[in-house]
Amino acid sequence: MADKVEITWHGHACFTLDFGKKVLIDPFIDGNPKAKIKKEDVKTDLVVVTHGHSDHLGDAVEIARNNKAPIVTFVELGWMLGAENGDLDIRAINYSGSTVVDGITVTAVHALHSSSVDGKYAGNPAGMVISDGITVYHAGDTGVFGDMSIISDLYHPDISLLPIGGFYTMSPYEATYAVGLLKSPYIIPMHYNTFDLIKVDAQKFKKETEEKHQVNVIVPEVEEVVKIDRQELGKR
Ligand code: ZN
């Protein structure tokens, strides 16, 4: 069980969670105007993909192959990737389904969005709950939905990574409401300011959300490492 998690935002919805073993989520690096790393340099033990849109699936296949890392994703997208990449270990889970990789449990949860690859329907989208004692909820792309309270009740996410950019996902207005449903002590916004279409003021979101709810909203710079340890979370 991890004593701490180090969270690095690579821009957009892409994060590395380092529990000792590393989890890379939604690796949109090539073509991401905010990315500062190169896909060739990424080191990870696991790749998680929430849905098929190119700004989430991104470089997942290449990075998984380079690192000999499994990919955990939603079932239809997993089957699509598996059909073309027979050499990869792809865990294609469905809602409430989990898989364990290197002691890290990944569970697929609802996301209110869509999913396709190059315009081809790719099943449902997902959020992912990723836990090694400390639990992180990556919401994927989503609108707000009431069953976020079920995610709170069942998985108690310590840290929630929430899209706030609007247009394709929640804007700050809905995301602040979502924070009330999720009850995570730590919130990190994502999926904003990558393009003009999803430009928002994250500091304003932080201020308004912290005023409304008893939470810490952390707004990292790209490649800044956020460390959260078990003691801070009050866990033993
Ligand atoms: Zn999307």
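Figured I'd write up the structure that's included with this text.

1. Concerning helix 3 (residues 75–84)
It helps to recall that an α-helix has 3.6 residues per turn; residues three or four apart then point in one direction.
So, step 1. Taken together, the buried positions of helix 3 are occupied by Val75, Leu77, Gly78 and Leu81. End-on view of helix 3: buried residues confined to an arc of 160°, all on one side of the axis. Exposed residues pointing more than 90 degrees away from the buried face of helix 3 are listed as Trp79, Ala83 and Glu84.
So, step 2. Turning to helix 3, the residues buried within the fold contact strand 4 (46–49), helix 1 (54–57), helix 2 (60–67), strand 5 (71–74), strand 6 (90–93) and strand 9 (116–117).

2. Things to note about the pairing of strand 6
So, step 1. The pairing of strand 5 with strand 6 spans four bridges and is parallel. Residue Phe74 lies in a different strand from strand 6, and its bridge partner there is Ile93.

3. Some details on the pattern of salt bridges
So, step 1. For the coordinates displayed, the defined rule picks out eight salt bridges.
So, step 2. Across the salt bridge formed by Lys4 and Glu6, the nearest N and O atoms sit 3.3 Å from each other.
So, step 3. With relative accessibility at 39%, the residue Lys4 sits in the partly exposed group.
So, step 4. On the accessibility criterion, Glu6 (19% relative accessible area) is buried.
So, step 5. Residue Glu62 pairs with Lys39 through a salt bridge whose shortest N-O separation is 3.0 Å.

Conventions used here
- Residues numbered from 1 in each chain as written.
- Predicted model: local features only at pLDDT ≥ 70, side-chain atom pairs only at ≥ 80, totals over all residues.
- Heavy atoms only, no water.
- Buried < 20%, exposed > 50% of the residue type's maximum accessible area, 1.4 Å probe, protein only.
- Helix = DSSP H or I, 4+ residues; strand = E, 2+ residues; numbered from the N terminus.
- Arc of directions from axis to C-beta.
- Contact = heavy atoms within 4.5 Å.
- Pairing = 2+ DSSP bridges.
- Salt bridge = Lys/Arg side-chain N within 4 Å of Asp/Glu carboxyl O.

These results come straight from atomic positions and should not be treated as a statement about function.
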